[in-house]
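Letter by letter, the chains look like this.
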Amino acid sequence: MNVHLHWFLPTGGDGRTLVDRHAYTDGGITRSRVTPVSGVRAPDIEYLAQIAKAAEQLGFEAVLTPTGTWCEDAWLTTVALAQHTRRLKFLVAFRPGVLSPVLAAQMAATYQRVTRGRLLLNVVTGGDSTEQRRFGDHLDHDRRYARTDEFLSVVRGVWSGTPFDFTGEHYQVEGGLTALPPDPLPEIFFGGSSAAAGPVAARHTDVYLTWGEPPGQVKQKIDWIRDLAEREGRTVRFGIRLHTISRDSAAEAWAVADRLLDDLDPQTVAAAQEALGRSESVGQQRMLALHGGSRDQLEIAPNLWAGVGLVRGGAGTALVGSHADVADRIEEYHALGVEHFVLSGYPHLEEAYWFGEGVIPDLAQRGLLHRAVPDVPSAGAPVLRTPGAPR
């Protein structure tokens, strides 16, 4: 089992501080009254293309693109960025409740043909009722997962290439079909920490994603999902979503973490914690419990820093340390069964280079990566170099 590395596209805005929808009313394009900060980068296609090209050059396999009313649409943005890249895959996040499963299956099939097979799907059931209502979705938490269960049944059925019928509580489909099924079928990534989420992951997903909890808690989740999947006669692989702050020395990395923390005033943290505390997501509540809203003892496990979660929803932890430290922690999670690492950092362009030039060669030398580290692609095939070799 090799390590698969993925980066993140900040389609809600980027910058030199902890940018998030809780700090901005418009996805980070302008400043709001909540958090007056400078250095915000708008998520225009030129900037996102820089990140996508950097990720491809540095050896990341894919980039995750989020979904929500606070960011750009993931489908449209990534298919545009596919024209700026050659082999980079796009992990497109989407919400099952806001479009037809047959249409989603058709969109995925078209996407695969347009990009020559570079689509991965990240299913986001949604743990924030306020955000869901913005999309016109008024189901409660557990019924959203029940609908996702049906949604994925329809998607996989429609991809079979023959007319597919389905009758459920949320969907009734007669003769559902994609004229040309996607080739290859996109892998489906999925996350959820609640009792309602586990069986859906076991039945449908290829890769179960967890946010960056300490290794002991991650192992518990892996054991839980693996057991559920075995009862379904399936095998599920595992991934983790983390931020990274990797530098030439541990002292440099922790200094960056301290600077990010210094930028957060108490009012900003309190406002974010209040908003995040209303989330129905069990995973989000587990993230909040790691720090309890306090700045004290944010290193909750070796090199695992919970400072991001003081103001950011979703992934709230970062791997912080020297390149070797970060590689050690990735190797530790990998030993538990984690195969896919979906990473990010502020700003995303610079942090991609810190990780790509510092940690990726180390992981390659340890024999953990599934392919060689590519240099800048030429007009022909990509040029591969031996990890650690001089440029």
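Residues numbered from 1 in each chain as written. Predicted model: local features only at pLDDT ≥ 70, side-chain atom pairs only at ≥ 80, totals over all residues. Heavy atoms only, no water.

Visitor: Outline the overall build of the chain, supporting the account with residue identities and numerical values.
Guide: Looking only at helices and strands, the chain has 12 helices and 17 strands in total. Among the 391 residues that make up the chain, the fraction classed as buried is 58%. Total accessible area on the chain stands at roughly 15800 Å², and carbon and sulfur atoms take up 51% of it. (Helix = DSSP H or I, 4+ residues; strand = E, 2+ residues; numbered from the N terminus. Buried < 20%, exposed > 50% of the residue type's maximum accessible area, 1.4 Å probe, protein only. Areas by Shrake-Rupley, 256 points an atom, 1.4 Å probe, with all protein chains shown as cover.)

Visitor: Residues and numbers for unusual backbone geometry, please.
Guide: Of the consecutive residues Asp183 and Pro184, the connecting peptide bond is found in the cis state with omega at 5 degrees. With respect to the helices and strands, the residue Pro184 is situated in the loop between strand S8 (172–176) and strand S9 (188–191). Here the bond from Tyr346 into Pro347 is cis, since omega is -10 degrees, no more than 30 degrees from zero. Backbone geometry at Arg116 places phi at a positive 60 degrees, although glycine is not the residue there. Inspection of the secondary structure puts Arg116 in the loop between helix H3 (101–115) and strand S6 (119–123). Of note in the backbone geometry, Asn303 takes a positive phi value of approximately 65 degrees without being a glycine. In this fold, Asn303 is placed in the loop between strand S12 (299–301) and strand S13 (304–305). Judged by its relative accessible area of 9%, Asn303 is buried.

Visitor: Describe in detail the pairing of S6, supporting the description with residues and values.
Guide: Buried residues dominate S6, accounting for five of its five residues. The side-chain alternation of S6 yields two buried faces, one formed by Leu119, Leu121 and Val123 and the other by Leu120 and Asn122. The pairing of strand S5 (residues 89–94) with S6 spans five bridges and is classified as parallel. Bridge assignment links Phe94 to a residue of S6, and that residue is Val123. Between S5 and its parallel partner S6, the chain crosses via H3, and the hand of that crossover is right-handed. (Pairing = 2+ DSSP bridges. Right-handed = clockwise from strand over helix to strand, strands pointing away.)

Visitor: So what's going on with the packing of helix H9 (residues 266–277) against helix H10 (residues 282–289)? Which residues, and what values?
Guide: One way to put it is that H9 packs onto H10 with a least axis distance of 10 Å and a crossing angle of 145 degrees. Here Gln273, Leu276 and Gly277 of H9 come into contact with H10, specifically with Gln284, Gln285 and Leu288. Looking at side-chain class alone, the contact of H9 with H10 contains two nonpolar, four polar and no charged residues. (Axes fitted to C-alpha atoms, helices over the stretch in contact; angles between N-to-C directions. Contact = heavy atoms within 4.5 Å. Nonpolar A, V, L, I, M, F, W, Y, C, P; charged D, E, K, R; others polar.)

Visitor: Got a sec to walk through the nonpolar core? Specific residues and values, please.
Guide: The biggest cluster of nonpolar side chains holds 75 residues, and the ones touching the most others in it are Leu5, Phe90, Ile330, Tyr333, Phe341, Phe355 and Leu363. Among the elements that make up this core, the one with the highest residue count is helix H1 (residues 45–58) (eight residues). For Phe90, the contacting residues outside a window of four places in its chain are Leu9, Ala62, Val63, Thr78, Leu81, Ala82, Thr85, Tyr111, Arg118, Leu119 and Leu120. The next biggest cluster of nonpolar side chains, apart from the first, holds 19 residues, and it includes Leu18, Val256, Val269 and Val308. (Core = buried A, V, L, I, M, F, W, Y, C linked by side-chain atoms within 4.5 Å.)

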